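# Summary of the model geometry
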Amino acid sequence: MAHAGGARHRRLNALGRGDITARASLTAVSPGPAPDAIALQRDAQQLADGVLFERALDVDTAGEVPERNLDLFRDAGLYGLWTPTEVGGCGFDELERLPILEALAGGCLTTAFVWAQHGGGSANAARMPAGSPLHERWAQALATGAQRSGVAFAHVLRPEPCLFAERSGGGWNLRGVAPFVTGWGHIDAVLVAAHEADRLVWMLIPATEAPTLTSRRLRLAAVDSSVTAELHFDGHVVGDDEVVEIIDYSDWLSFYRQGLRTNGALMLGVASRALKLFGPSPLDAELDAARSALYAAEVDEMPERRAQVGYVGIRATSALVSSVGGRAITLAHHAQRLAREALFLLVQGQTADIRAGHLRRLGATDPDG
Ligand SMILES: Cc1cc2nc3c(=O)[nH]c(=O)nc-3n(C[C@H](O)[C@H](O)[C@H](O)COP(=O)(O)OP(=O)(O)OC[C@H]3O[C@@H](n4cnc5c(N)ncnc54)[C@H](O)[C@@H]3O)c2cc1C
């Protein structure tokens, strides 16, 4: 499969300053995906249907994602999905990335989830100035998939900070916990965010354990093989040359809200696979409508559109379980795997607004609330 190429700057650069989760304002004029994006989408779908789906049940119970799956992503050029062509990446924008994420999530969510964590680190390494230590150390290596990265930032959305950066000498001292870091042991770098008063310090550091950086693996009811760990920082020293950005929390939050669309692609992939296994049903049109609405959403509409995708995903996977019957619950059946994955996606990459949208749709709160 070809590595996507061709310098294209016709749409908004989705990887601009402060882009942590591939933020993009997608209200830009959209002429549709470029030919190289369409080609990679086709390759991704073939990979998903021909290889990943066949292996997904094994991966689900294996305890970790086999290297050969991650190597397939690298060989297909998929590690460059979030980076510009200048550093060896695809040069795609968010609308071009979404169908690729969806296709791969529908093949094997666990593998796709581990890979998708690469977005933040690779995009941020690429946007550092050429010649800077971070750019030289990571930009090309991450864009080509020669090395892999993960992220440790979702905790900054919590009401109570749990990871702190304190100024110390020529750098920063990290203390606290990053509660969820996926791909631990499979990644070379990790993009970490920590609170410093009302600012966030963003760092790209080696994903290497040390006396001051330890991990505790979490056992999970879904995507357990993603090797997701809780990281403990105990006075971990980070140099200024590993700092990507220091940004006001409120500024970051508004950037973050612009990037909420991306994680919806994972649920679209899981739901779409469930409906493919189920066969034609009215849920097909519901999923298509939810997808179109998510793609077209303005920033303020994103939480509701994400919640709708989640709601369809939960019903699609439950319908599959119900239609299969008892066999659906055996570990040899995709139905239980997809249903567990859909439950996981109800909490992964969420905000309080999206969760409120789920709860309302599930009938657990006042419909007008
Ligand atoms: C398997 C798995 C893997 C993950 N991998 C990663 C990863 O690699 N990197 C990463 O950065 N993140 C990762 N996450 C985190 C993920 O993206 C979500 O942020 C996370 O699942 C939300 O978790 P939470 O509900 O525990 O935390 P939060 O949503 O942060 O909430 C913690 C508590 O605070 C409450 N709360 C949250 N927001 C508010 C609010 N605004 N007002 C009032 N109360 C609030 C919640 O209800 C909850 O009780 C992962 C999560 C899972 C489950």
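Residues numbered from 1 in each chain as written. Predicted model: local features only at pLDDT ≥ 70, side-chain atom pairs only at ≥ 80, totals over all residues.

## Digging into the site of the ligand
Counted only if it meets this: The rule is simple: place the C-beta atom from the backbone, and if it lies within 6 Å of a molecule or strand, the residue is near it. Strands here are runs of E lasting at least two residues and helices are runs of H or I lasting at least four, both read from the DSSP assignment and numbered beginning at the N terminus. Classification convention: Asp, Glu, Lys, Arg as charged; Ala, Val, Leu, Ile, Met, Phe, Trp, Tyr, Cys, Pro as nonpolar; all other residues, Gly among them, as polar. Throughout the structure description, domain borders are defined by an automatic or database domain assignment.
Not every one of the 20 residues close to the ligand is listed here, only the nearest: Ala154, Arg158, Phe180, Thr182 and Ala352. Counting residues per element, the ones that place at least two in the shell around the ligand are strand S1 (149-152) and strand S3 (171-182). Its residues assigned to classes, the shell around the ligand shows 12 nonpolar, seven polar and one charged. Of the domains in this structure, domain 2 (149-249) and domain 3 (260-361) are the two that each give at least three residues to the shell around the ligand.

## Considerations on the pairing of strand S2 (residues 163-168)
Inclusion rule: Only strands joined by at least two bridges in the DSSP assignment are considered to pair.
Note: S2 against S3, six bridges, orientation antiparallel. Considered in S3, the bridge of Ser168 is made with Gly171. Taking the residues that link successive antiparallel strands as the turn, the S2-S3 hairpin has two residues, and the phi of Gly169 there is positive, at about 55 degrees.

## Remarks on helix H6 (residues 133-144)
Filter applied, for reference: Buried, partly exposed and exposed are defined by the number of other C-beta atoms within 10 Å of a residue's own C-beta, namely 20 or more, between the two limits, and 12 or fewer respectively, with C-beta atoms placed from the backbone. What counts as a contact is two residues whose backbone-derived C-beta atoms lie within 7 Å of each other.
Within H6 the residues assigned to the buried category are Leu134, Trp138, Ala139, Gln140, Ala141, Leu142 and Ala143. Tucked inside the fold, the buried residues of H6 contact helix H5 (118-127), S1, strand S4 (189-196), strand S5 (199-206) and strand S8 (243-248). Immediately downstream of H6, the backbone of Gly145 shows phi near 80 degrees, a positive value.

## Considering the confidence of the model for the protein chain
To keep things clear, this is the line we draw: Looking at any residue, its pLDDT shows the predictor's confidence there, from 0 to 100.
Taken as a whole, the protein chain shows an average pLDDT of 92; of its residues, 91% reach a score of 70 or greater. Contacts of residues 1-29 to residues separated by more than four positions or lying in other chains number 80 contacts, the stretch itself having pLDDT below 50.

## Some details on the environment of Ser215
Within the element layout of this structure, Ser215 appears in strand S6 (residues 213-217). Classification of Ser215 as partly exposed rests on a count of 17 C-beta atoms within 10 Å. Sequence separation of Ser215 and Ala178 is 37 residues, and the distance between their C-alpha atoms is 9.4 Å. Those residues in contact with Ser215 that lie beyond four places of it in its chain are Trp184, Glu209, Ala229, Glu230 and Leu231.

## Re unusual backbone geometry
At Ala197, a position not held by glycine, the phi torsion is positive, near 55 degrees. Take Ala197: it is sitting in the loop between S4 and S5. With a phi close to 45 degrees, Val223 is a non-glycine residue in the positive phi region. Counting through the fold element by element, Val223 comes out in the loop between S6 and strand S7 (228-239). Residue Val223 is classed as buried on the basis of its C-beta count, with 25 C-beta atoms lying within 10 Å.

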